[in-house]
Amino acid sequence: MFSKVNVPFELYEIKILDADDGRLLKISQELGLALSLDEMRRIQDYFHKKGRNPYDIEIQSIAQAWSEHCCYKSSKYYLKKYLFGISADYVISAIEEDAGVAEFDEEYAYVVALESHNHPSAIEPYGGAATGIGGILRDVLCMGAQPIALVDPLFFGNPDTSEDEIPAGTKHPLYLLSGVVSGIRDYGNRVGIPTVSGLLFFDESYLTNCIVNVGCVGIARKNRIIHSRAGNAGDIFILAGGLTGRDGIHGVTFASAELDEKSEELRSAVQLGNPIIKEPIIHACLEIVEKELLTGMKDLGGGGLSCVVGEMALSAGFGAEVHLEKVLLKEENMAPWEIWVSESQERMMVTVEPKHVDEVLYIFQKWDVPATIIGSVTAEKTLRVFHHGYKIYEMDIEFVTSGVEYCRQYASLKETVDETDSTAPPESYEEALLEILKHPNVASKEWVIRQYDHEVRASTFLRPLQGRLNLEGHGDASIIKPTISSKGLAITVAVNPWLIKKNPYWGTASAFDELVRNLTAVNSTPHSFADCLNFGNPEKEKRMGEFVDCVEALGWMARGMKIPCLSGNVSFYNETPYGSIAPTPTLLGIGIIEDIKNAITSDFKKRRNAIVLVGETRKEFGGSVYSRIFRMNGKVPRTSPEKLKNYSNTLLESFREFDVKSCHDLSEGGLAVALAEMCIASGMGARINLSEMKDETYTKLFSESNTRWLTEVSERELEDYISFFKSRNLTASSIGNTGGDVLEFTDGKFSFEIPLEEAEKAWRTGLTRFTGW
Amino acid sequence: MQKEDLKIAVIRIEGTNCEEETVMAFRNLGVFSEAVHLKQFYSDMIRDSEQRSLTDYNCIVFPGGFSAGDYVRAGAVFSARIKSVLRDDLRDFINSGYPVLGICNGFQILAELGALPGFDEDKPVGKQEMALGINDSNRFECRPSLLKHENRGKCVFTKALEKEIVMFPVAHAEGKVIFPAGKEEDYIDRLRKNDQIVFRYVDAGGNYAGYPWNPNGSIYNIAGLCNVRGNVLGLMPHPERVFFDYYRKNEIGDGRTIFESVIEYLLSL
Amino acid sequence: MIADVYIYLKEGVADPEGEATKKALRLLGFKNVKKVSSRKVFRIEVDARNREEAEREISGMCEKLLANPVIQKYTIQWVE
Amino acid sequence: MIADVYIYLKEGVADPEGEATKKALRLLGFKNVKKVSSRKVFRIEVDARNREEAEREISGMCEKLLANPVIQKYTIQWVE
Ligand SMILES: Nc1ncnc2c1ncn2[C@@H]1O[C@H](COP(=O)(O)OP(=O)(O)O)[C@@H](O)[C@H]1O
Ligand SMILES: [Mg+2]
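Remember, predicted model here, so these are calculated numbers, not experimental data.

A. A look at the overall build of chain B. Counting secondary structure elements, chain B contains 5 helices and 11 strands. At 17 Å, chain B has a C-alpha radius of gyration in line with the 18 Å of a compact globule built from 269 residues. The principal-axis extent of the C-alpha atoms belonging to chain B is close to 55 × 40 × 35 Å. Sorting the 269 residues of chain B into buried and exposed places 68% on the buried side. Taking as baseline every contact in chain B between residues at least 6 positions apart, the subset at least 24 positions apart corresponds to 75%. With the model as given, the accessible surface of chain B reaches about 8900 Å², and the carbon-plus-sulfur share is 44%. Side chains of chain B carry 32 positive and 38 negative charges; the gap between the two charge centres is 2 Å.

Shown next as structure tokens:
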């Protein structure tokens, strides 16, 4: 099947020309290519035309380029159909590159990227998560942007899983959690970019597949945006940063297959990352960008050199020539194909006009960042690779890089979901509320938030924790002030996999609703979003059905709201023999606030102020915390872009017209939890009267209907505030007052109360009872 | 000295990461300030136009961050490198009365350099006499901290500070002030007598308190101290992060006075 | 019984701490340093009836908490 | 020549890392743990003509960088 080529290094010819189907598959398997028979046949055809067999480096290179991870072969069709192309005049670049770009103000643009790092984190949580942060920083950096904030939505199996429920080869959720958080902390804090928002969600479906998503936001001068493409024929490729080693070989093909017990042996796909190389790379690259010395820049991620050289050349309409022996190596005797596909961390590729090469090399040297010239851009659309003078690779760039696309079969779940309501009032309201407050999905996330430096760079103006010093509660979004102007960027993440597991379409629409609610709550105008779509095996119709339903819902909401999707990432194969993850379309939302001094926080400000519920409550318990704890069935909350838009705009208007003191959106746990969080953050109780609303008491308290917020206004403004919504045919009801040291609820004759202290304790210890402190 | 003549350097190496906001704090007050890589003071590979000398500046700051990854010990690598290339220059700088500020990692560096507590006026960079150890909680924590200003007038960085209690946030894993075992009381007495104590951690009621108000377990709740001459200040909390106020108003923050005070001091020289 | 547990990185795993330390030592003028790698040691005192029992206990600690089996190895050395 | 340099805390200096590790081990069910203390080891390879020279070199590294005399001590052990 293979024959060694007579050269002074390791090179094999792969005999595919006369291989039959069985042999083609065997080749794919033995070389770890993860290519299907059809794909192998296409390669065979191509080399028939060339009249020769490929070398190992050539076929490895194709496998990288055609992997699910690099070319989105299963998802592209549906993403194009539903999600792409939502236009807004402030979009500068959407979807096309490593990160999306939109206008921030006349001078600046912001950059957004969101990605998964699931498989590496499941195998080695510390290094996996750390390199995830490294990778997402590079995605933003390569647009020429200064990274200004990180986010980390995380999903694990239940923290109370007992040891004997854990399948072989799987690690305990708490072990994974602490490893992942330490990895993000040690990397993010060291490079000095604040981690300002995230998610921590537990569900049994993540037991064998934890989900680690990381996002980054950056800021760049509009006229300095750099693209991931070469400038002109004759430009020089300079590879800068960490040295190239055997680590991370086959990362992308690894990400495009299911994990199993043996996955741990794929250690070469796991790396540690080195923040202290990355930190100077950021400075060096930004200095080079500022001095306008380069024509293109791209980070080395999945597929290593093989992907980056091809993509940079092709998207500029050129070819390239690379001399592999110039690449600085960590280890001796690496085979050329290994050098070509290695995914060693902390590397960037820049293209530079010959006259600027010396200056660029000087800047890298000044920052102690190793950098070398490895090749050049050529006019002809062919990629040629040489090693010690021997030509070992020659293929048409278009053939390699343009990849494949599938329109996979799928089975939509829209019609088959059972949403019959089987809910009932709790036996004890007090206990039900405490039980919900201490559920780790609801409870305080302080344990994570404080381990991250969320205010380095001194531009975090609204923090993830808001309220009394050292006794804060949860905010809905963080606000960063990226430039000297007083304009701010609100950053939040949202997704509730319980809703989506139950009903992918409406659950995803709800995630979008939450995204908009969070951004609106802090008084920012929703501006754009990025998504990271984590799903099971797309070759299974049901999994693909979940995917298509989610993408359709996302597209419907986004288009209706006219909020563009700037960038995204798809992660399939989050599935093991033990099951697939709940569909998890994580969203990262960006809002704009014209003047940060108008930001609104979630803690109550003053005793005896009025509390107002904005929005409509229905009996919608499907996937809610209440129904999960008490094992009931129900309907997943509905929403529509028209309604959401109406409420969000009106609420923002109300912030201008009235002196609204605090605001918090209603999400998991409904009204009761949102209220408790506002009380805890301020150390102030509340007296609530629900009589004005219809429905049963437990629906009013715990239903998770979308498009709702709680606000605080003075008694003096209350009446006008309510009429303001009524006059626009929207619902707002006065439900009580702040003050006291209990949470008191009255509904007609029924009433109950919980001491604030008790609610606070349940909420503050809900997560730390598992994590230890 | 005139405001236009003032030049302030924030010194960086790989891993320092609060230099930009620290530079901005000075620039916002209309003073020239720049981040300077340690290599610019000594390395041959640096071009002439980028070479610097400590004597170019009137004030230097060691910023927060994770210099050299804080591997080995927080601040250890940075301070060892300063000792090997800048020791004499730094000694002369301090001896001439120019101010030096170390924030967070910068405080760790000044402690490692032996510049703090700095009891001996003739040896402003000497042997190590204190350490900033791992927090009692054994973890990195980012949280607000309240500081009581207790300096009676020696420290050049707090002369203009009128408030008795200020809020500067902390973000570190190694910030616990430790003095040599058995000499703690003696050290604290000397610090008090010399007016070297600048900030101590207190709770919302203004009382000396334990965790989380004292976020790291520092002895005597010490958050910041200055040398015997008053021109070197090290503190764990970050004044540059509250140049504007902590809660979103974009107005004057508690940290601003640190920078104003030192500018005032320099103008009086 | 007291044991020293040595935790170190497996061959081929990047060691940013070791590398940073080496770079620093060379900058300080120690030009003869060839390689630096970092390790961690926990000195652990356990109550156990005999060495086997203690060894089993300590191996358990390494596997569950102290070492990360994917990237680290450990050895146990008895102090007393 | 290769040496292991052990950096450990002086008597009387608190060891939050050891304490936290002990606490975590006990939470995991290792009830017999009596005490845990943490140390740090650097394995250093130097070029030197003889052991004395190497020892001098390595002591220099400890004094200049690896140990903080206020809280730490060090010992050197030769591996080869
Ligand atoms: N993994 C994490 N990293 C950083 N911040 C987090 C993380 N998990 C949660 N947070 C923060 O905790 C707060 C509360 O989270 P959550 O309850 O999920 O928000 P929401 O109110 O939008 O449902 C938010 O500010 C969020 O950004
Ligand atoms: Mg919210």
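B. Quick peek at the overall build of chain A. Each helix and strand counted, chain A has 26 helices and 32 strands in total. Taken against the 2.2 N^0.38 rule, which gives 28 Å for 773 residues, the C-alpha radius of gyration of chain A at 27 Å falls within 12% of a compact globule. Evaluated residue by residue, chain A yields a buried proportion of 68% over its 773 residues. Contacts in chain A between residues far apart in sequence, at least 24 positions, make up 84% of those at least 6 positions apart. For chain A, the exposed area adds up to about 25000 Å²; of that, 46% sits on carbon and sulfur atoms. Put simply, chain A has 79 plus and 110 minus side-chain charges, and the middle of one group is 2 Å from the middle of the other.

C. Representation of the environment of I197 of chain B. Residue and element names in this part refer to chain B. With respect to the element layout, I197 can be found in strand β9 (residues 197–202). Relative accessible area serves as the criterion here: at 4%, I197 is assigned to the buried category. Distance from I197 to C155, taken between C-alpha atoms, is 8.8 Å for residues 42 residues apart in sequence.

D. The nonpolar core, seen in detail. Counting 111 residues, the largest nonpolar core has Y110, F512, F529, F547, F702 and L710 of chain A as the members making the most contacts within it. Of all the elements, helix α19 (residues 541–561) of chain A adds the most residues to this core, at 10 residues. Within the second largest apolar cluster, 104 residues are counted, among which are F179, F199 and A209 of chain B together with I7 of chain D.

E. Region of the structure containing the sheet that holds strand β2 (residues 33–46) of chain C. One open sheet accounts for 6 strands, arranged β3(C)-β1(C)-β2(C)-β2(D)-β1(D)-β3(D); its pairing is antiparallel. In the strand order of this sheet, the two ends are held by β3 (72–78) of chain C together with β3 (72–78) of chain D, each with one partner. Neighbour-to-neighbour, the strand axes of this sheet turn through a mean angle of 25°, independent of strand direction. With 7 bridges connecting them, strand β1 (residues 2–9) of chain D and β3 of chain D associate as antiparallel partners. Considered in β3 of chain D, the bridge of I7 of chain D is made with Y74 of chain D. Taken strand by strand, helix α2 (residues 51–66) of chain C contacts β1 (2–9), β2 and β3 of chain C together with β2 (33–46) of chain D, and its axis lies near 155° from that of β3 of chain C. The sheet strands contacting helix α2 (residues 51–66) of chain D are β2 of chain C together with β1, β2 and β3 of chain D, and the helix crosses β3 of chain D at an angle near 155°.

F. Seen up close, the site of ligand 1. Residues and elements named next belong to chain A. Taken together, 17 residues form the shell around ligand 1, and within it D152, S197, G198, E514 and N518 come nearest. Between D152 and ligand 1, the recorded distance is 2.5 Å, taken from a side-chain N or O atom to a nitrogen atom. Those elements that provide at least two residues to the shell around ligand 1 are β6 (146–156), β7 (195–202), α16 (446–449) and α18 (504–521). Counting residues per element, the shell around ligand 1 draws most heavily on β7, which supplies 4 residues. Tallied by class, the residues present in the shell around ligand 1 amount to 7 nonpolar, 6 polar and 4 charged.

G. Summary view of the packing of helix α21 (residues 641–657) of chain A against helix α24 (residues 715–726) of chain A. All names here are of chain A. α24 packs onto α21 with a crossing angle of 150° between their chain directions and a minimal axis gap of 11 Å. α21 and α24 meet at a crossing whose hand is right-handed. Residues T650, L651, E653, S654 and E657 of α21 form the contact with α24, whose own contacting residues are Y721, F724 and F725. Taken together, the residues that form the contact of α21 with α24 break down as 4 nonpolar, 2 polar and 2 charged.

H. Summary view of the pattern of salt bridges. On inspection of all chains with the given rule, the structure shows 81 salt bridges over all chains. The salt bridge partner of R463 of chain A is E455 of chain A, with a shortest N-O separation of 2.3 Å. Take R463 of chain A: its relative accessible area is 5%, and that puts it in the buried class. K176 of chain B is the partner of D136 of chain B in a salt bridge, and the nearest nitrogen-oxygen pair spans 2.8 Å. Of this pair, D136 of chain B sits in the loop between β5 (131–133) and β6 (141–149) while K176 of chain B is found in strand β8 (residues 176–178), placing the two residues 40 residues apart along the sequence. You can call K176 of chain B buried: its relative accessible area is 12%.

I. View of the packing of aromatic side chains. Residue and element names in this part refer to chain A. Under the counting rule described, the total for this entry stands at 41 aromatic pairs over all chains. Here F750 and F752 contribute two aromatic rings whose centre-to-centre distance is 6.0 Å and whose plane-to-plane angle is 45°, an arrangement assigned as tilted. F750 sits in the partly exposed class, given a relative accessible area of 33%. Judged by relative accessible area, F752 falls into the buried class, the value being 4%. The residue whose ring lies beneath R728 is F724, and the NZ or CZ to ring-centre distance is 4.0 Å.

J. Representation of the interface of chain B and chain A. Listed per partner, the contact involves 41 residues of chain B and 44 residues of chain A. Interface area for chain B against chain A, summed over the two sides, is near 3800 Å², with a carbon-plus-sulfur share of 52%. Linking chain B with chain A are 6 salt bridges. We note a salt bridge from K39 of chain B to D368 of chain A, for which the minimum N-O separation is 2.5 Å. At the boundary of chain B with chain A, the tally comes to 16 residue pairs in polar contact (both at pLDDT 80 or more). Broken down by secondary-structure element, the contributors of at least two residues to the side of chain B that touches chain A are α1 (19–27), β6 and β7 (165–172) of chain B. The element contributing the most residues to the side of chain B that touches chain A is β6 of chain B, with 5 residues. A per-class count over the side of chain B that touches chain A returns 20 nonpolar, 6 polar and 15 charged.

K. Structural context of the sheet that holds strand β15 (residues 390–396) of chain A. All names here are of chain A. Taken in spatial order, the 7 strands line up as β10-β12-β9-β13-β11-β14-β15 in an open sheet, and their pairing is mixed. At either margin of the open sheet sits one strand with a lone partner, and together these are β10 (296–299) and β15. In this sheet, adjacent strand axes meet at a mean angle of 20° when their direction is disregarded.

L. Molecular detail of the pairing of strand β8 (residues 211–221) of chain A. All names here are of chain A. Of all 11 residues making up β8, 10 are buried, and the element is well covered by its neighbours. Judged from the 9 bridges that link them, strand β5 (residues 108–116) and β8 form a sheet pairing that is antiparallel. Counterpart to V112 in the pairing with β8 is V217. As judged from the 7 bridges shared by β6 and β8, these two strands associate in the antiparallel manner. Looking across to β8, one finds that Q146 is bridged to I219.

Procedures and definitions
- Residues numbered from 1 in each chain as written.
- Chains lettered and ligands numbered in written order.
- Predicted model: local features only at pLDDT ≥ 70, side-chain atom pairs only at ≥ 80, totals over all residues.
- Heavy atoms only, no water.
- Helix = DSSP H or I, 4+ residues; strand = E, 2+ residues; numbered from the N terminus.
- Rg over C-alpha atoms; globule rule 2.2 N^0.38 Å.
- Buried < 20%, exposed > 50% of the residue type's maximum accessible area, 1.4 Å probe, protein only.
- Contact = heavy atoms within 4.5 Å.
- Areas by Shrake-Rupley, 256 points an atom, 1.4 Å probe, with all protein chains shown as cover.
- Lys, Arg positive; Asp, Glu negative; His and termini not counted.
- Charge placed at Lys NZ, Arg CZ, Asp CG, Glu CD.
- Core = buried A, V, L, I, M, F, W, Y, C linked by side-chain atoms within 4.5 Å.
- Pairing = 2+ DSSP bridges.
- Axes fitted to C-alpha atoms, helices over the stretch in contact; angles between N-to-C directions.
- Near = heavy atom within 4 Å.
- Polar contact = N/O pair within 3.5 Å; in protein donor to acceptor, adjacent residues only side chain to side chain.
- Nonpolar A, V, L, I, M, F, W, Y, C, P; charged D, E, K, R; others polar.
- Left-handed = near helix turned anticlockwise from the far one by under 90°.
- Salt bridge = Lys/Arg side-chain N within 4 Å of Asp/Glu carboxyl O.
- Phe/Tyr/Trp six-rings, centres within 6.5 Å; stacked < 30°, edge-to-face > 60°.
- Lys NZ or Arg CZ within 6 Å of the ring centre and 35° of its normal.
- Buried area = accessible area lost by both parts, 1.4 Å probe.

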